[in-house]
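One letter stands for each residue in the lines below.
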Amino acid sequence: MSDQQELLVFQSLWAMERRHTDGLERSLEENIAMIADEGFDGISTHWTDRETVSRVSALLRDRGMTAEGQCFPKTVDDLKPVLEVASEFPLHHLDIQPDVRPRRLEECLPLLEGWMRLAEEVDFPVLIETHRDRMTTDLFFTLDMLDAMPDLPLVADLSHFLVGREFAWPVDDENHAMIERILDNSWAFHGRVATREQVQIEISFPAHRMWVELFERWWSYGFASWRRRAAADATLAFTCELGPKPYAIIGRDGNDTTDRWEESLQMRDIARRLWQDTPAPRAAD
C-alpha cells in the first residue's frame, strides 16, 4: 500500500455502451480490455447480481484493477444482499443511488441512518450519490440532509445539480458555496460536464470550454477538500461517466456527435492534471 494519497481514475461500463444505429455492442471482456489498455485504474458498474459481479470481478482481478459498485435500494433491507456480494467480491467503494423520492426530510432520515448503520459492518466505504430522480435529486433538499446528517458521505455527480437548479451564468458566489458544501462531504466523484440546460455536453467542443472550466473549478475544490479530510494513504476515485444516449447529445442520424470513448480519455487526463495541481496536505506539526 502506498504511503501517500492517490487518485484512481475509473471508467463507467455504462458509458462503454455504444447504442449506435448499427446495433453493434462490444462484449464485457472487450470493454474491460479497452479500459485496462488505456491505463484506467478500475471501472464503475452495478454490483447487485452475484453471477455478473463474479464475472466482472475475475476480469478486474486479472488486470490488477478495482471497481466502484453501484446499487439502487428502496429500503434499508435492500442494501443487505448488496453488501454481502460486495464483501465477497471486493471493491473500492459502494455507491448508493437511493431509489426513493420522499418529499419530506423526515422520511429520508430513517433510510439514510439505516444504510449508514449497515455500512459500519463492512470494511469498504458506502457512499450516497447525488443524482436526479433519486432522494438527492434537488440541491436544496440535499443540503437539508447534510444539515441533519453532517457526516453523510457523498459521491458528487454535480451535473445533476447544475441542470436541476439551472444556475444562471456566470455562476454566482452563493451557488458556488452550495456546491462546495456538497464537495466537502464528497468521498468520490463522477465525471461529466453539464450546462444549465443539458446534463452531458461534448467536452471537446471549443464552444463548451466555459462549462468544462466550471467543472474543473469544482473538481479542483473537491480534490483539495478530500485531501484535507482523507487519511495519508487513502485513494480517491474519479469515474469518467459520459453516458450513452439519451445522456449523450445525438445528431440527425441518431448517433453521438462525438466519440465518447475519446472524450472519456480526455476526461481521464483532465482529472489527473487537476490532481497533480492539487497540493498535498501539510503534515501535522
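This text follows the structure it describes.
All of the points below concern the structure found in this document. (Residues numbered from 1 in each chain as written. Predicted model: local features only at pLDDT ≥ 70, side-chain atom pairs only at ≥ 80, totals over all residues. Heavy atoms only, no water.)

## Considering the overall build of the protein
For the protein, the count of helices and strands is 9 helices and 8 strands. A globule of 285 residues ought to have a C-alpha radius of gyration of about 19 Å, and the protein, at 18 Å, matches this closely. Projected onto its principal axes, the C-alpha coordinates of the protein cover approximately 45 × 45 × 45 Å. Across the 285 residues that make up the protein, the buried fraction comes to 54%. Within the protein, counting contacts between residues at least 6 apart in sequence, those at least 24 apart form 79% of the total. Put simply, the protein has 31 plus and 53 minus side-chain charges, and the middle of one group is 3 Å from the middle of the other. (Helix = DSSP H or I, 4+ residues; strand = E, 2+ residues; numbered from the N terminus. Rg over C-alpha atoms; globule rule 2.2 N^0.38 Å. Buried < 20%, exposed > 50% of the residue type's maximum accessible area, 1.4 Å probe, protein only. Contact = heavy atoms within 4.5 Å. Lys, Arg positive; Asp, Glu negative; His and termini not counted. Charge placed at Lys NZ, Arg CZ, Asp CG, Glu CD.)

## A short note on unusual backbone geometry
With an omega of -5 degrees, the peptide bond running from Trp169 to Pro170 counts as cis. Looking at the element boundaries, Pro170 is found in the loop between helix H6 (159-165) and helix H7 (173-183). With an omega of 15 degrees, the peptide bond running from Lys245 to Pro246 counts as cis. Secondary-structure assignment places Pro246 in the loop between strand E8 (235-240) and helix H9 (260-276). Within the chain, Arg19 stands out as a residue other than glycine whose phi angle is a positive 50 degrees.

## Examining the sheet that holds E8
The 8 strands lie next to each other as E1-E2-E3-E4-E5-E6-E7-E8, forming a closed barrel whose pairing is parallel. When the angles between neighbouring strand axes are averaged without regard to direction, this sheet yields 30 degrees. Direction of pairing for strand E4 (residues 93-96) relative to strand E5 (residues 126-129): parallel, over a ladder of 3 bridges. Bridge assignment links Asp95 to a residue of E5, and that residue is Leu127. Packed onto the sheet, helix H2 (residues 50-62) meets strand E2 (42-46) and strand E3 (66-71) and runs at close to 180 degrees relative to E2. (Pairing = 2+ DSSP bridges. Axes fitted to C-alpha atoms, helices over the stretch in contact; angles between N-to-C directions.)

## Quick look at the packing of helix H8 (residues 209-229) against H9
As a packed pair, H8 and H9 sit with axes 9 Å apart at the nearest point and diverge in direction by 45 degrees. One way to sum up the angle between H8 and H9 is to call them oblique. H9 is crossed by H8, and the crossing has right-handed handedness. Residue-level inspection shows Arg209, Val212, Glu216, Trp219, Ser220, Phe223, Trp226 and Arg227 of H8 in contact with H9, the latter providing Met267, Ile270, Ala271, Arg273, Leu274 and Trp275. (Parallel < 35°, antiparallel > 145°, perpendicular 65-115°, else oblique. Left-handed = near helix turned anticlockwise from the far one by under 90°.)

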